[in-house]
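# Per-entry structural report
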Amino acid sequence: MNLNWLHNIVQFITKDTGDENESPKLIVVMRIVAMSMLLYVTISCLIYINIINPIIIMLLLASFIAFMSIVVMTYRAKTKTVVYAINICMVVWSAATLYICGWDVGVQQFITVILVLCFFSSYGKYKLKICYAIFLCAFRIFLYFLCRTSPSALVLNENLSYILQILNSITIFWCISVIAYIFGKSSRDLDHKLVAYNTKLEDQANTDALTGLYNRRKGMSYMHEIIDSNKHNSISLCICDIDFFKKVNDNYGHDIGDIVLKQLAQTMKNTLKDTSFIARWGGEEFLIVFPSYNGDESYVLLETLQNDIKAMEFQAGETSFKITMTFGLAEYDFNSSLDNNLKEADEKLYMGKENGRDQIVY
């Protein structure tokens with residue numbers, strides 16, 4: 001089925017004014033509201049078709065011209081001008097219709113549409129908006145007492161009043177729904193972008209740019225979280241270091257050293273998977289936290305990791321080389337501070353370094 005006509009209609013309705021300083025969202029909302037009112041007046045003409053009365057004919061004709069003018073203005077005039085025009089038009093039209101047709105047709109509810117549009121039509125200006133809301137409320141009360149104390153210019157039969165009441169209700173709900181949907185969707189999209197952006201910033205702040213592992217800041221935060229949560233009976237900490245990494249940089253260059261760090265980080269993630277939390281502690285040093293694992297269980301996992309690291313092979317031009325790591329492992333002592341536990345793991349790491357490297361000290 002060819003839906004080009006529908007696409008063309010949507011493009012026509014959502015067409016921007018082309019002014020960089022104008023809000024395309026607001027102008028589209030006012031255009032839809034004005035077009036809806038134009039359709040409303042057209043349907044009203046069909047409802048009043050059997051009533052030959054110069055007053056109602058003048059009202060319908062003036063209403064049609066007014067709302068058609070606003071539709072045209074949404075394509076040509078400044079947004080602020082259109083906002084003033086649609087507010088004035090709706091206020092005058094509501095008062096005139098109520099005076100002619102009476103309170104029971106429900107036209108007074110269109111003041112709610114003006115109020116909703118007012119609060120969504122601009123940022124800030126809260127005092128002005130509150131003052132305008134008070135004015136609309138007072139205006140509606142004034143119209144109520146005016147219609148109750150003075151007979152309407154046109155007496156409508158009961159069936160016609162029912163039809164107009166239904167038409168008014170549908171149009172009012174449609175206009176408010178359009179305003180709320182477009183501005184509400186925009187607000188939700190903005191909130192989603194802000195949440196995504198904040199999440200991205202948080203990830204960047206907690207992630208080591210080179211290896212993709214968590215950084216020292218996140219490592220400290222994570223350890224405080226799992227310790228404070230009291231969810232784990234056992235926690236093990238490991239600080240590990242690449243053996244003779246300075247020689248790798250000196251012999252093969254820092255670019256190769258970066259490749260070593262990246263591939264090592266990936267191997268650590270692949271081997272340990274969901275059993276641990278891994279962070280780059282600094283330089284060639286890494287932190288591994290094993291929540292819910294005691295020292296013996298963590299030692300077994302580190303042995304597997306140690307063997308996987310030994311199996312890695314790196315290429316620097318025509319030269320290939322391998323690396324090893326030394327691990328300092330400590331089971332967390334809940335009666336001691338985090339700093340003391342980290343110090344214990346660090347001391348065991350240096351103990352392993354002094355005793356020949358490529359080992360796990362527990």
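Everything below is about the structure printed above this text.
Here the residue numbers are simple positions, counted from 1 along each chain's written sequence. Under the rules for a predicted model, residues below a pLDDT of 70 receive no local features and side-chain atom pairs below 80 are neither given nor counted, while totals for whole chains, interfaces and linings still include all residues. By convention in this description, side-chain values take in all heavy atoms of the structure and omit both hydrogens and water.

What follows is about the overall build of the protein. From N to C terminus, the protein includes 12 helices and seven strands. Only C-alpha atoms enter the radius of gyration; for comparison, a globular chain is expected to reach 2.2 Å times N to the power 0.38, where N is the number of residues. A compact globule built from 362 residues would reach a C-alpha radius of gyration of about 21 Å, whereas the protein, at 36 Å, exceeds it by more than 25%. Overall size of the protein, expressed as C-alpha extent along the three principal axes, is 110 × 50 × 40 Å. Here's how the labels work: a residue is buried when its accessible area is under 20% of the maximum for its type, exposed when over 50%, partly exposed in between, all with a 1.4 Å probe on protein chains only. Sorting the 362 residues of the protein into buried and exposed places 42% on the buried side. Any two residues having at least one pair of non-hydrogen atoms within 4.5 Å are treated as being in contact. Long-range pairs, those at least 24 residues apart, make up 70% of the contacts in the protein between residues at least 6 apart in sequence. Of the roughly 20500 Å² of accessible surface on the protein, 59% is carried by carbon and sulfur atoms. Positive and negative charge centroids in the protein, built from 31 and 35 side chains respectively, lie 14 Å apart. Note on conventions: DSSP H or I runs of at least 4 residues are helices, E runs of at least 2 residues are strands, and numbering of each starts at the N terminus. All accessible-area figures derive from a Shrake-Rupley calculation using a 1.4 Å probe, and residue coverage is judged against the displayed protein chains alone. Charge counting treats Lys and Arg as positive and Asp and Glu as negative, with His and both chain ends excluded. By convention, the point assigned to a charge is CZ for Arg, NZ for Lys, CD for Glu and CG for Asp.

A few words now on unusual backbone geometry. Here the phi dihedral of Phe-244 falls at roughly 55 degrees; this positive angle occurs in a residue that is not glycine. Structurally, Phe-244 is set in the loop between β1 (235-242) and α9 (245-252). The partly exposed category is assigned to Phe-244, whose relative accessible area is 45%. The phi dihedral of Arg-357 falls on the positive side, at around 65 degrees, and the residue is not glycine. Within the secondary structure, Arg-357 is located in the loop between α12 (338-354) and β7 (360-361). You can call Arg-357 partly exposed: its relative accessible area is 28%.

The patches described consist of residues with a relative accessible area above 30% and no salt bridge, like charges being joined within 9 Å and nonpolar side chains (Val, Leu, Ile, Met, Phe, Trp, Tyr) within 5 Å. Salt bridge, as applied in this entry: a Lys or Arg side-chain nitrogen positioned within 4 Å of an Asp or Glu carboxyl oxygen. Together, Asp-296, Glu-297, Glu-331 and Asp-333 line one region of the surface with negative charge. Summarising the element assignment, Glu-331 is placed in strand β6 (residues 325-331).

All right, on to the layout of surface pockets then. As defined here, a cavity is a set of points on a 1 Å grid over the protein atoms alone where a 1.4 Å probe fits but cannot get out. A pocket is an open set with protein on both sides within 12 Å along at least five of seven lines, and residues line them when an atom is within 4 Å of a point. Grid points are joined across faces, edges and corners, and a volume is the space filled by probe spheres set on the points. The volume enclosed by the second largest pocket comes to roughly 250 Å³. Cys-101, Gly-102, Trp-103, Asp-104 and Ser-152 are, among the 17 residues lining the second largest pocket, the residues nearest its centre. Of all the elements in the fold, those that place two or more residues in the lining of the second largest pocket are α4 (79-101) and α6 (126-149). Tallied by class, residues from the lining of the second largest pocket come to 11 nonpolar, four polar and two charged. Note on residue categories: nonpolar means Ala, Val, Leu, Ile, Met, Phe, Trp, Tyr, Cys or Pro, charged means Asp, Glu, Lys or Arg, and polar means any other residue, Gly included.

This part takes up the packing of aromatic side chains. Between 30 and 60 degrees the pair is tilted, below 30 it is stacked and above 60 it is edge-to-face, where a pair is any two Phe, Tyr or Trp rings, Trp via its six-membered ring, whose centres lie within 6.5 Å. One pass over the full model with this rule turns up 15 aromatic pairs. For the ring pair Tyr-132 and Phe-135, a centre distance of 6.0 Å and an interplane angle of 20 degrees mean the geometry is stacked. Here Tyr-132 pairs with Phe-135, and both are found in helix α6, just three residues apart, close to one helical turn. We classify Phe-135 as partly exposed; its relative accessible area is 40%. Through a chain of ring-to-ring contacts, the aromatic side chains of Tyr-40, Phe-67, Trp-93 and Phe-110 assemble into a single cluster. The ring centre of Phe-244 lies 4.7 Å from the NZ or CZ of Lys-247, which sits over that ring. The positively charged end of Arg-357 is found above the aromatic ring belonging to Phe-244, 4.3 Å away from the centroid. The rule for a charge over a ring is simple: NZ of Lys or CZ of Arg within 6 Å of the ring centre, and within 35 degrees of the ring normal.

Our focus in this paragraph is the nonpolar core. In plain words, nonpolar cores are sets of buried Ala, Val, Leu, Ile, Met, Phe, Trp, Tyr and Cys residues tied together by side-chain atoms within 4.5 Å. Of all hydrophobic cores here, the largest spans 55 residues; its most connected members are Phe-67 and Phe-110. Elements represented by at least two residues in this core include exactly α2 (24-47), α3 (54-76), α4, α5 (110-120), α6 and α7 (158-206). Phe-110 has contacts with Met-37, Tyr-40, Met-90, Trp-93, Ser-94, Asn-168, Thr-171 and Ile-172, leaving out every residue within four places of it along the chain. Counting residues in hydrophobic clusters, the runner-up holds 29 residues, among them Leu-261, Ala-265, Leu-305 and Ala-316.

This paragraph deals with the pairing of strand β3 (residues 285-291). With seven of its seven residues buried, β3 lies for the most part within the structure. Where burial is concerned, the two faces of β3 agree: the one with Glu-285, Leu-287, Val-289 and Pro-291 and the one with Phe-286, Ile-288 and Phe-290 are both buried. What makes two strands pair is DSSP finding at least two bridges between them. Here β1 runs beside β3; their pairing, made up of seven bridges, is antiparallel. From the neighbouring strand, Leu-237 faces β3, where its bridge partner is Val-289. With five bridges joining them, strand β2 (residues 277-282) and β3 adopt antiparallel strand pairing. Residue Ile-278 lies in a different strand from β3, and its bridge partner there is Ile-288. Between β2 and β3, which follow one another and run antiparallel, lie two residues, and Gly-283 among them has a positive phi close to 60 degrees.

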